[in-house]
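Geometric and topological summary
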Amino acid sequence: MNAPGIQDVPHPILFIPGPVEVDAELRAILATPAIGHRQREAKDAFILACGGLRELYRTEQHAFFENAPATALMEAGIRNLVHKRSLHMTCGAFSERWAKIATACGREPVVVARAWGEAILPEHVAEALEAADEPYEAICLTHSETSTGVLNPIGEIAATVREHSPDTLILVDAVTSVAGAELAFDEWGLDLAFAGTQKCLALPPGLVTYALSERAVQRSHEVPGRGFLLDFAATPARFATGESPATPCVPLVFALNRQLERIRTEGLEARWSRHTAMRDLTLRFGAENGFPPFVEHEHRSPTVTALRAADSSAVDGVIERARAAGFSLGRGYGKLKQDTFRIGHMGDHPIERVEALLDAIRPA
Ligand SMILES: *Cc1c(COP(=O)(O)O)cnc(C)c1O
């Protein structure tokens, strides 16, 4: 399993909802000697990565990456595509963060909030769009709400947006869905979707990958003050020749290219199915052991599950049993910390490793 020259050091296996476990082969690539980012080999790697990302996002339009956390693309989406008013459908911490970012960028976001653990459904979106006196420039949605474990039905929601407000751009935080849950950028008619490398792509943090529609590129030309690094109007021409505006983390791009090749070998559909199987095992474990799911309806993410425990000390017990068996698990997010824990069943984990984790945390 270990790549030549890399001894796999003993370490806790990550089952937190990001960053995730990175295997030895990918870690070995990160240790390759540095090269200049204007060298042919680096530029070829950047162009190859964009092609692989188009395949991953299922788009024939644009896909790029930048050195940044995924949050940078929430901000870039607003700065490039919204003059004033975006609609934010929130149901957890990450969708709420996006609305805060719009305010921080001097915009006037309109928030339609659902309770944590609820899903955003097409009828909620239709209602919000119809209540508006003029069309929103963009709607901001979170696909897999990592704070609660909800998977919002983005394909159906996007169809509703197209029907009720065809000029509204559809921006999607797909951070814990890309490479773990079905996402079809072109077929669904999305305008922006993004994900960091440290979630279902099973790489270290450092790059954000994103897909962009041609319609969004055109729209960005009309918005002043887009910034320099993540300027959607300038990006397609830069990447066409592999010319990055700043210095990318070249070894991480090499590792991304290797991972995209491995995903092609596994098969994207097979990878989605493996994630669904990991979720279903986790839910069954919860049902059999007194840990009901925090999400009480069918819109459950295949990549992260929040389970309820009786109280805080029951959560402590789970995390401690995981730790003793060599696994790292996280408590619930923010206000859910006291009586839930989350399992990030995402990335490259084989099913057997999830079974081993669940066996280890089963109450005596
Ligand atoms: C992890 C996560 C983010 C933030 O990613 P960063 O790379 O830390 O900026 C945003 N949205 C969702 C849904 C996430 O799970």
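None of these values were measured; they are calculated from a predicted model.

Quick notes on the pairing of strand E4 (residues 110–113)
Across four bridges, strand E3 (residues 86–90) lies against E4 in parallel orientation. Bridge pairing links Thr90 to Ala113 in E4. Once the chain exits E3 it traverses helix H4 (residues 93–104) before rejoining the sheet at E4, and the crossover so formed is right-handed.

A word on the pattern of salt bridges
Counted by the stated rule, this structure contains 23 salt bridges. Linking Asp191 and Arg162 is a salt bridge whose minimum nitrogen-to-oxygen distance equals 3.9 Å. Of this pair, Asp191 sits in the loop between helix H7 (185–188) and strand E9 (192–196) while Arg162 is found in helix H6 (residues 154–164), placing the two residues 29 residues apart along the sequence. Its salt-bridge partner being Glu261, residue Arg258 comes within 2.7 Å of it at the nearest N-O pair. You can see Arg258 and its partner Glu261 sitting in helix H10 (residues 250–266), three residues apart, about one turn around the helix. Assessed through its relative accessible area of 26%, Arg258 is described here as partly exposed. The exposure class of Glu261 is partly exposed, given its relative accessible area of 41%. Each of Asp23, Glu25, Arg258, Glu261, Arg262, Glu266, Arg271, Arg274 and Asp348 takes part in salt bridges that share partners, so that together they form one network.

Comments concerning the pairing of strand E14 (residues 340–344)
With five of its five residues buried, E14 lies for the most part within the structure. The alternating pattern of E14 places Thr340, Arg342 and Gly344 on one face and Phe341 and Ile343 on the opposite face, and all of these are buried. In this structure, strand E11 (residues 304–308) lies alongside E14, joined through five bridges in antiparallel fashion. Residue Val304 lies in a different strand from E14, and its bridge partner there is Gly344. When strand E13 (residues 330–331) meets E14, the two strands line up antiparallel, connected through two bridges.

Quick look at a negative patch on the surface
Side chains of Glu123, Glu127, Glu130 and Glu163 sit close together on the surface and give a patch of like negative charge. Broken down by element, the residue count for the negative patch peaks at three residues, all from helix H5 (residues 122–130). Mapped onto the secondary structure, Glu163 falls in helix H6.

Looking at the environment of Ile157
Mapped onto the elements, Ile157 comes out in helix H6. Residue classification places Ile157 among the buried positions, given a relative accessible area of 0%. Separated by 31 residues in the primary sequence, Ile157 and Trp188 place their C-alpha atoms 9.0 Å from one another. For Ile157, the contacting residues outside a window of four places in its chain are Ile120, Leu121, Pro122, Val125, Leu141 and Asn152.

So, the nonpolar core
Counting 88 residues, the largest nonpolar core has Leu56, Tyr57, Phe65, Leu73, Phe194 and Tyr210 as the members making the most contacts within it. Both domain 1 (24–263) and domain 2 (268–361) contribute no fewer than three residues apiece to this core. With residues up to four places along the chain from it excluded, the contact list for Leu73 reads Leu192, Phe194, Val208, Tyr210, Leu230 and Phe232. Formed by 19 residues, the second largest nonpolar core is a distinct cluster that contains Ala309, Val315, Val318 and Ile343.

Notes on the environment of Cys50
On the secondary structure map, Cys50 appears in helix H2 (residues 40–57). The spatial distance from the C-alpha of Cys50 to the C-alpha of Thr209 is 8.9 Å, given a sequence separation of 159 residues. If sequence neighbours within four positions are ignored, Cys50 has contacts with Ala63, Phe64, Phe65 and Phe239.

Cut-offs used in this document
- Residues numbered from 1 in each chain as written.
- Predicted model: local features only at pLDDT ≥ 70, side-chain atom pairs only at ≥ 80, totals over all residues.
- Heavy atoms only, no water.
- Pairing = 2+ DSSP bridges.
- Helix = DSSP H or I, 4+ residues; strand = E, 2+ residues; numbered from the N terminus.
- Right-handed = clockwise from strand over helix to strand, strands pointing away.
- Salt bridge = Lys/Arg side-chain N within 4 Å of Asp/Glu carboxyl O.
- Buried < 20%, exposed > 50% of the residue type's maximum accessible area, 1.4 Å probe, protein only.
- Patch = residues over 30% accessible without salt bridge, like charges linked within 9 Å, V, L, I, M, F, W, Y side chains within 5 Å.
- Areas by Shrake-Rupley, 256 points an atom, 1.4 Å probe, with all protein chains shown as cover.
- Lys, Arg positive; Asp, Glu negative; His and termini not counted.
- Charge placed at Lys NZ, Arg CZ, Asp CG, Glu CD.
- Contact = heavy atoms within 4.5 Å.
- Core = buried A, V, L, I, M, F, W, Y, C linked by side-chain atoms within 4.5 Å.
- Domains from an automatic or database assignment.

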